[in-house]
Every structure is written in C-alpha cells, then in structure tokens.
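# Survey of secondary and tertiary structure
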Amino acid sequence: MSDAVIEAAARLIREGKLVAFPTETVYGLGANALEAAAVEQIFVVKGRPQTSPLIVHVSSLEMARGLVVDWPERAAALAERFWPGPLTLVLPKSPCVPDRVTAGLPTVGIRMPQHPVALDLIRAAGVPIAAPSANRFTELSPTTAAHVRRAFGDRIAMILDGGTTDVGIESTVLSLADVQPLLLRPGMVTRAQIEEAVGPVLAASGVAGRPHASPGMHPRHYSPATPLLIVDGGALPEHGHGAYLWRETPGACQQSIQMPLGAREYARQLYDTLHKLDVLGLEWIAVERPPLTVDWAGISDRLERAADRSERPNDRTSEPRS
Ligand code: TXA
Ligand code: MG
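As the structure is a prediction and not an experimental result, all values here were calculated from the model.

This paragraph deals with the overall build of the protein. The helix and strand inventory of the protein stands at 11 helices and 14 strands. In terms of overall dimensions, the protein is globule-like: its C-alpha atoms have a radius of gyration of 19 Å, near the 20 Å expected for 322 residues. Dimensions along the principal axes, computed over C-alpha positions, put the protein at roughly 55 × 45 × 35 Å. Taken across its 322 residues, the protein has 55% of its residues classed as buried. At a minimum sequence separation of 6, the contacts of the protein that also span at least 24 residues come to 68%. As displayed, the protein has an accessible area near 13200 Å², and 52% of this comes from carbon and sulfur atoms. Side-chain charges of the protein comprise 31 positive and 35 negative groups, with the mean position of each set lying 3 Å from the other.

Right, here's the structure in full:
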C-alpha cells in the first residue's frame, strides 16, 4: 500500500474520523484511542452497546507502556514472544485512556497487530488506535475489505484494503490485571502457548448461561444470520435447505463444503465461508464439531457462540441487519 494512502488514512484518524483497516486476525474499525469523541463514533456506527470495551492497537512497546500504569514482567514476556501478533493483554489503564474506550473499566486491552498496513497506519497516525472488529454488532467479523464494505458502505471515512486476513478469527484476550493470568477469549495463540511463557493460566468462560467474565463478551457475537448448528457424525437436519461444513465426516447435503483438517487453515477460511453461505438464504448451516484439543479452542468458542444465538430465533428478528 502506498505511503500516500497510509498518510491520508492517518490524517483521517488524527482528525477524529473512522478508518477500517486490516489486521492479521480480522478487519478493525479504528479511531484515535486518546480522543473520546472519535471513539464514540465507533459505538454509533457499529450499533455496539456502550458496555463493550475496545482493544487499543499499538505499533511499539513504548506506545503500549504509555497506556498502562505498570508494565509487569509477564506482559514483557508475552509481548516479547507473541507481538506483533494475535494476543490482546488486559492491564490496569493509565488516566490518558478515555473511559469511553474501556467502557468505564479500570483496565485496557492492548495489542500490537502483525499486519504491515495496520502497523504503518498506527505509526503514521502517531497515536494508538482503538478498534473493534469492523462488523455491525452481533454479525460476523470481516476477513476481507468487501465484508467491511457490505456492513458499512460509505458510513466510514475510509477502508484500507489489505487483502484476506491470515489468522481469520479474533485475537486471544488475556487479562494480567489479577494475581493469575486469566484467559478471557480463546484464539489462535493458545492457552498452552501462553502457559509455556508465563506459567498457569485460568480460563474464563463467556458462554451463554454463565456469567460474562469479560464485559462485552456477549454470547451472541460472531453470528451469521442463518441458524447455525454443530453436529456430530454427519447427523444433518432432515428438513429444509442447508449447507454442511465438514472435516472428517461427509454427509448427504447439496451444499457440502470440505473444510481444512488443520486448525490454522480452518480458522483462516471459517468466516469467509460463513459470509458466503449467509447470503444464500439457507435454512441452516451445519458444522461438524471441531476437535476438543487446545489448538481448536478459539474456533470452538466462535462456533458455539454462533450456534447459541441460532437457538433463539426470536432474537434475530430484532437485530439490526445491513
Ligand atoms: O483480533 C481482534 O482482537 C480484533 C482486531 C480488530 O484486533 N478486534 C476485536 O475487537 O475482536 P472486539 O471489540 O470485537 O472484541 C474485543 C474483545 C471483547 O471480547 C472485549 O470484552 C475484550 O476484547 N476486552 C477489551 N478490553 C477489555 C478489558 N479492559 N477487559 C476485559 N475484556 C476486554
Ligand atoms: Mg467483534
């Protein structure tokens, strides 16, 4: 991407406007994290509840340290090992971070993304960038610029097109605000990898029915509009037109899509596959249950949330649709 385009986007950020940009996980909807009025726009455009805190994206360790009151040894070790990359660290915030960003919490989520366009944008803007995934509230996260365009059209100042994202699902979120590290959202940086670096990690669960450990970790995130169900042994619904995403067990279905065997490749393709199926007007999307191993925890989490939402079809009719 040319310097001129990055500079134009950086100027918009400095002027308090919204810019959608690629990260290695999903596209983000960014605003100057240090300016409450700019951040406010994110909530308006996304239709996001004010209670959901945002992740602040940085381009250097120095920038990260400016957002917190203390940079503990564990944060240093994790940043050293996983940044730039798909790991968000939650730490007690500095007063310079507006309450708007953290939904009033005393902590802030920070990550250094790995995508060169994201890093160039933050560097050129000269300020940290607050960004949730660039989708409307409760809808699927975008992994291409086209997904962002479909969700927001010209409601945002600029969309930087950095191609298809590499990781494909949202970052792992880890809180370092308490005595023991707490996994708030699983992702492709796994609990096992984090434990190798800093020792034991507690796991929170934001799954429906249980209390939300992370404010804004709504069970109904990450959902296609089409009802989604997780199936075992190729047992598909008997009625209606649907699609079946399988890895190991084929099933009798007109729209049968073979997904990759490996977790990395699977994560990379998942949202784009769901975006494509979601516009076909199907009655269901069945997904073969993924393995229960640690490298699939992020994928299982997103599928369970999507399926959980589908069990309550009455909710869906009242959701905003783009
Ligand atoms: O990969 C990602 O993380 C993408 C890209 C754009 O970086 N962003 C993303 O943002 O997924 P969003 O807003 O869709 O999800 C942010 C998650 C939520 O689960 C939220 O609860 C958690 O991060 N989070 C952010 N700040 C937090 C805080 N201070 N305490 C606890 N959880 C926090
Ligand atoms: Mg999101």
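From this point, things continue past the structure.
This part is about the sheet that holds strand β9 (residues 182–185). Strand order across the open sheet formed by 10 strands is β7-β1-β2-β6-β3-β5-β4-β8-β9-β10, with mixed pairing between neighbours. Two strands bound the open sheet, and with one partner strand each, they are β7 (158–159) and β10 (202–203). Strands in contact with helix α2 (residues 36–46) are β2 (28–32) and β6 (129–130); relative to β2, the strand with the most contacts, it is inclined by about 150°. Running at roughly 160° to strand β4 (residues 87–92), helix α4 (residues 73–82) makes contact with β4 and β8 (172–175) of the sheet.

This paragraph deals with the packing of aromatic side chains. Summed over the entire model, instances satisfying the criterion amount to two aromatic pairs. When the ring of W71 is compared with that of W83, the centres are 6.0 Å apart and the planes differ by 45°; the resulting orientation is tilted. In this pair, W71 sits in the loop between α3 (61–65) and α4 while W83 sits in the loop between α4 and β4, placing the two residues 12 residues apart along the sequence. In this structure W71 comes out as buried when scored by relative accessible area, which is 13%. Residue W83 is classed as buried on the basis of its relative accessible area of 9%. Where Y266 meets W296, the ring centres are 5.1 Å apart and the plane angle is 70°; that geometry is what we call edge-to-face. Linking Y266 in helix α9 (residues 263–278) with W296 in the loop between β14 (284–288) and α10 (297–310), this pair joins segments that are 30 residues apart in sequence. Just as Y266 is buried, W296 falls in that class too.

Counting buried positions over the five residues of β2 gives five, a clear majority of the element. When strand β1 (residues 19–21) meets β2, the two strands line up antiparallel, connected through three bridges. Bridged to A20 within β2 is L29. As defined by bridge partners, β2 adjoins β6 across two bridges and the pair is classed as antiparallel. Bridge pairing in β6 places N32 opposite I129.

Tallied over the full model, the rule gives 14 salt bridges. With its nearest N and O atoms 2.9 Å apart, the salt bridge here joins D232 to R289. Here D232 is found in the loop between β11 (228–231) and β12 (242–246), whereas its partner R289 is found in the loop between β14 and α10, with 57 residues between them in sequence. Look at D232 and you get partly exposed, because its relative accessible area is 45%. A salt bridge links D272 to K276; its shortest N-O distance comes to 2.7 Å. Separated by four residues within a single helix, D272 and K276 lie in helix α9, roughly one turn from each other.

Attention shifts here to the domain arrangement of the protein. Entries for the protein in the domain assignment read domain 1 (3–203) and domain 2 (228–309). The distance between the C-alpha centroids of domain 1 and domain 2 comes to 27 Å. Listed as interface residues are 23 residues of domain 1 and, on the opposing side, 17 residues of domain 2. Considering only the side of domain 1, the residues that lose the most area to domain 2 are L140, I169 and M188, jointly responsible for 34% of the buried surface there. In this structure, the salt-bridge partner of R302 is E170, at a minimum N-O distance of 2.8 Å.

Rules behind the numbers
Residues numbered from 1 in each chain as written. Chains lettered and ligands numbered in written order. Predicted model: local features only at pLDDT ≥ 70, side-chain atom pairs only at ≥ 80, totals over all residues. Heavy atoms only, no water. Helix = DSSP H or I, 4+ residues; strand = E, 2+ residues; numbered from the N terminus. Rg over C-alpha atoms; globule rule 2.2 N^0.38 Å. Buried < 20%, exposed > 50% of the residue type's maximum accessible area, 1.4 Å probe, protein only. Contact = heavy atoms within 4.5 Å. Areas by Shrake-Rupley, 256 points an atom, 1.4 Å probe, with all protein chains shown as cover. Lys, Arg positive; Asp, Glu negative; His and termini not counted. Charge placed at Lys NZ, Arg CZ, Asp CG, Glu CD. Pairing = 2+ DSSP bridges. Axes fitted to C-alpha atoms, helices over the stretch in contact; angles between N-to-C directions. Phe/Tyr/Trp six-rings, centres within 6.5 Å; stacked < 30°, edge-to-face > 60°. Salt bridge = Lys/Arg side-chain N within 4 Å of Asp/Glu carboxyl O. Domains from an automatic or database assignment. Buried area = accessible area lost by both parts, 1.4 Å probe.

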